[in-house]
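# Remarks on the overall topology
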Amino acid sequence: MTKSTRQPRTKILINSGMALSNVLEIPTSGFNFENVARNVALEGLLEGGQTKTPKPMKTGTTIAGLVCKEGVVLGADTRATSGEVVADKMCAKIHYISPNIYCCGAGTAADTEKTTDLLSSNLTIFSMNSGRNPRVVMAVNILQDMLFRYRGQIGASLILGGVDCNGNHLYTVGPYGSIDNVPYLAMGSGDLAALGILEDRFKPNMEMEEAKELVRDAIHSGIMSDLGSGNNIDICVITKQGVDYIRPYQESEYKDKRQKRYKYGPGTTSILTEKIVPLELEVVQETVQRMDTA
Amino acid sequence: MNTRGLRSQLKDSVPVTGMGPQVGAYGVQDTLRSGFSSVKNELLPSHALELSEKNFQLNQDKMNFSNLRNIQGLHAPLKLQMEYRAARQIQRLPFLQSSHLALDTLKGNDESISFEDILNDPAQSEMMGEPHIMVEYKLGMM
């Protein structure tokens with residue numbers, strides 16, 4: 001905690017106990033908890049009044065993934081909500097981790113974004129050091145350590161899918177740091193609906209097209225049954241050959257079309273009066289500075 | 001050189017009651033920066049993670065060293081801690097920001113990025129310790 005301050009020289013006469021606590025406090029990097037008490041007090045004050053604290057943007061969400069014969073298929077919807085309002089209609093929930101690993105994120109939008117960013121940076125450093133693509137277990141372990149360290153305060157539920165030298169993998173990481181390695185998976189507020197479809201039609205070693213259709217159907221049922229999911233469907237297909245990030249795989253049937261153009265054309269506002277006031281300036285002083293070009 | 005100037009490196013973790021009064025200048029509560037004082041604020045951490053984050057690096061080190069001792073014997077953590085202690089002495093004057101490059105390389109922090117590198121960078125800190133007092137403290141004259 002940063003508590004060292006500038007002190008005038010004469011005031012060293014404070015008893016040394018107090019001065020020591022001033023002197024030794026080197027500001028620590030990382031999270032700073034100074035404002036927590038203040039925030040709690042503010043929330044108590046505001047709840048009774050008219051204003052409410054702004055709600056963080058959550059990716060309500062349906063995300064799903066499954067392992068097929070040639071690789072891994074990940075799918076997600078594209079709606080981000082902030083309280084009861086749709087904050088983003090075209091939110092990208094499938095994040096890039098490394099050339100062979102992608103991650104879908106549900107929960108608080110900022111948390112999933114930042115966590116996957118950090119993970120991606122760490123794995124990039126690793127790839128540069130070792131010269132190879134990272135393995136999915138590495139990504140999962142790094143995530144698990146990070147999320148467990150913060151005891152669930154980072155609200156990110158993630159589905160990691162990737163192809164590496166050991167095969168095709170699909171993992172889920174919960175906000176408290178729990179992991180699970182499964183062939184098919186759904187997370188988010190719409191996961192129950194999506195899981196129903198997946199449970200019904202999943203078979204091991206499916207063909208690519210069939211797998212894409214199944215994921216699309218799972219996300220679609222999540223969109224239909226859950227208020228926090230909606231708009232378009234994104235699909236990401238990861239194979240040994242490469243990654244196909246199809247965004248959007250399917251657009252929503254309920255796209256709104258603007259009836260008119262809302263831009264104002266020139267001449268919309270009529271000019272009523274015009275008054276010109278000339279500004280008279282007189283030269284007070286003139287100085288010439290020679291430039292030395294020698 | 002007076003060894004009192006080199007404080008013990010592996011201090012014990014900060015206990016719960018070690019939150020301490022928030023003193024500002026003149027030794028009194030700094031109301032502008034930390035709000036009104038209350039006994040509860042000083043005794044208990046205000047956030048669930050506050051204590052665990054304060055002690056995190058320390059506890060990790062303790063755990064790793066004790067693991068290492070159990071696996072490889074006493075010499076392993078002893079050697080490592082000696083190297084850490086040596087690397088920790090490579091720094092600028094106490095009130096200036098040092099890069100801790102050697103220490104970071106030894107600990108492996110140069111190959112990973114976490115919230116410590118992004119948030120609350122000490123190099124961007126707006127407050128500075130009083131140079132004379134800090135140097136006197138470091139040299140053990142206080």
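Residues numbered from 1 in each chain as written. Chains lettered and ligands numbered in written order. Predicted model: local features only at pLDDT ≥ 70, side-chain atom pairs only at ≥ 80, totals over all residues. Heavy atoms only, no water.

Assigned secondary structure in chain B consists of eight helices and zero strands. Reading chain B from its N end, one meets helices and strands in the order α-α-α-α-α-α-α-α. In chain B, which comprises 142 residues, the proportion classed as buried is 20%. Sequence separation of at least 24 residues holds for 60% of the intrachain contacts in chain B that already meet a minimum separation of 6. (Helix = DSSP H or I, 4+ residues; strand = E, 2+ residues; numbered from the N terminus. Buried < 20%, exposed > 50% of the residue type's maximum accessible area, 1.4 Å probe, protein only. Contact = heavy atoms within 4.5 Å.)

Bringing the overall build of chain A into the picture now. Counting its secondary structure elements, chain A contains six helices and 13 strands. Per-residue burial over chain A gives 41% buried out of 294 residues. For chain A, contacts bridging at least 24 residues in sequence account for 61% of all contacts bridging at least 6. Carbon and sulfur atoms form 54% of the exposed surface of chain A, whose accessible area is close to 17900 Å². (Areas by Shrake-Rupley, 256 points an atom, 1.4 Å probe, with all protein chains shown as cover.)

The packing of two helices is summarised by the inter-axis angle and the distance between the axes. Residues and elements named next belong to chain A. Here helix α3 (residues 109–130) crosses helix α4 (residues 136–149) at 130 degrees, and the two axes come no closer than 10 Å. With respect to α4, the axis of α3 lies oblique. Classified by chirality, the crossing of α4 by α3 is right-handed. On α4, the residues touching T115, L118, L119, N122, L123 and F126 of α3 are M138, A139, I142, L143, M146 and L147. Its residues assigned to classes, the contact of α3 with α4 shows 10 nonpolar, two polar and no charged. (Axes fitted to C-alpha atoms, helices over the stretch in contact; angles between N-to-C directions. Parallel < 35°, antiparallel > 145°, perpendicular 65-115°, else oblique. Left-handed = near helix turned anticlockwise from the far one by under 90°. Nonpolar A, V, L, I, M, F, W, Y, C, P; charged D, E, K, R; others polar.)

A word on the UniProt feature "domain: Proteasome beta subunit C-terminal" (unreviewed entry) in chain A. The residues that UniProt annotates with the feature "domain: Proteasome beta subunit C-terminal" (unreviewed entry) are residues 257–288 of chain A. Within the segment residues 257–288 of chain A, helix and strand shares are 0% and 0% respectively, and the terminal C-alpha atoms sit 64 Å apart. (UniProt positions renumbered as here; feature names shortened; annotations may be inferred.)

Now for the sheet that holds strand β12 (residues 233–239) of chain A. Residue and element names in this part refer to chain A. On the basis of which strands lie adjacent, the open sheet formed by five strands has the order β11-β2-β3-β12-β13 and antiparallel pairing. The open sheet is flanked by β11 (184–187) and β13 (243–250), the only strands paired with a single partner. Neighbouring strand axes in the sheet, compared pairwise and without regard to direction, differ in orientation by 15 degrees on average. Bridge count between strand β3 (residues 71–77) and β12: seven bridges; the pairing is antiparallel. Opposite L74, over in β12, you have C236 as the bridge partner. Across the sheet, helix α5 (residues 191–201) lies against β2 (63–67) and β11, angled at about 165 degrees from β11, the strand it touches most. (Pairing = 2+ DSSP bridges.)

Residue and element names in this part refer to chain A. The UniProt record marks T61 with the feature "active site" (unreviewed entry), using the residue numbering of this structure. Relative to the helices and strands, T61 is located in the loop between β1 (58–59) and β2. Each residue touching T61, except ones within four places of it in the same chain, is listed here: D77, R79, K93, A106, M187, G188, S189, G190, D226, G228 and S229.

Residues and elements named next belong to chain A. Counting 23 residues, the largest nonpolar core has I97, L119 and L160 as the members making the most contacts within it. Here this core gets six residues from one element, more than from any other, and that element is α4. Not counting chain neighbours up to four residues away, the residues in contact with L119 comprise I97, A139, I142, L143 and L160. Counting residues in hydrophobic clusters, the runner-up holds 20 residues, among them L66, A194, F202 and V237. (Core = buried A, V, L, I, M, F, W, Y, C linked by side-chain atoms within 4.5 Å.)

Further remarks concern the packing of α5(A) against helix α6 (residues 208–225) of chain A. All names here are of chain A. The contact between α5 and α6 brings their axes to 7 Å, and the two run at 150 degrees. Viewed along their axes, α5 and α6 adopt a mutual orientation that is roughly antiparallel. In this structure, α5 crosses over α6, and the sense of that crossing is right-handed. When α5 is examined against α6, the residues A193, A194, I197, L198 and R201 are found in contact with a partner set consisting of E213, L214, D217, A218, S221, G222 and S225.

To continue, consider the environment of Q124(B). Inspection of the secondary structure assignment puts Q124(B) in the loop between α7 (115–118) and α8 (131–138). Residues Q124(B) and L44(B) lie 80 residues apart in sequence; the distance between their C-alpha atoms is 28 Å.

Residues and elements named next belong to chain A. Cis peptide bonds are those with omega within 30 degrees of zero, and the linkage from R247 to P248 qualifies with 0 degrees. In this structure, P248 sits in strand β13. In this structure, R151 is a non-glycine residue whose phi angle is positive, near 50 degrees. Following the sequence through the fold, R151 ends up in the loop between α4 and β8 (156–164). Located in the positive-phi region is N231, a residue other than glycine, with phi close to 60 degrees. Relative to the assigned elements, N231 resides in the loop between α6 and β12.

Residue and element names in this part refer to chain A. Counting buried positions over the eight residues of strand β7 (residues 101–108) gives eight, a clear majority of the element. In this structure, the hairpin formed by strand β6 (residues 94–98) and β7 is closed by a connection of two residues. The pairing of β7 with β8 spans seven bridges and is antiparallel. Bridge pairing links G107 to A156 in β8.

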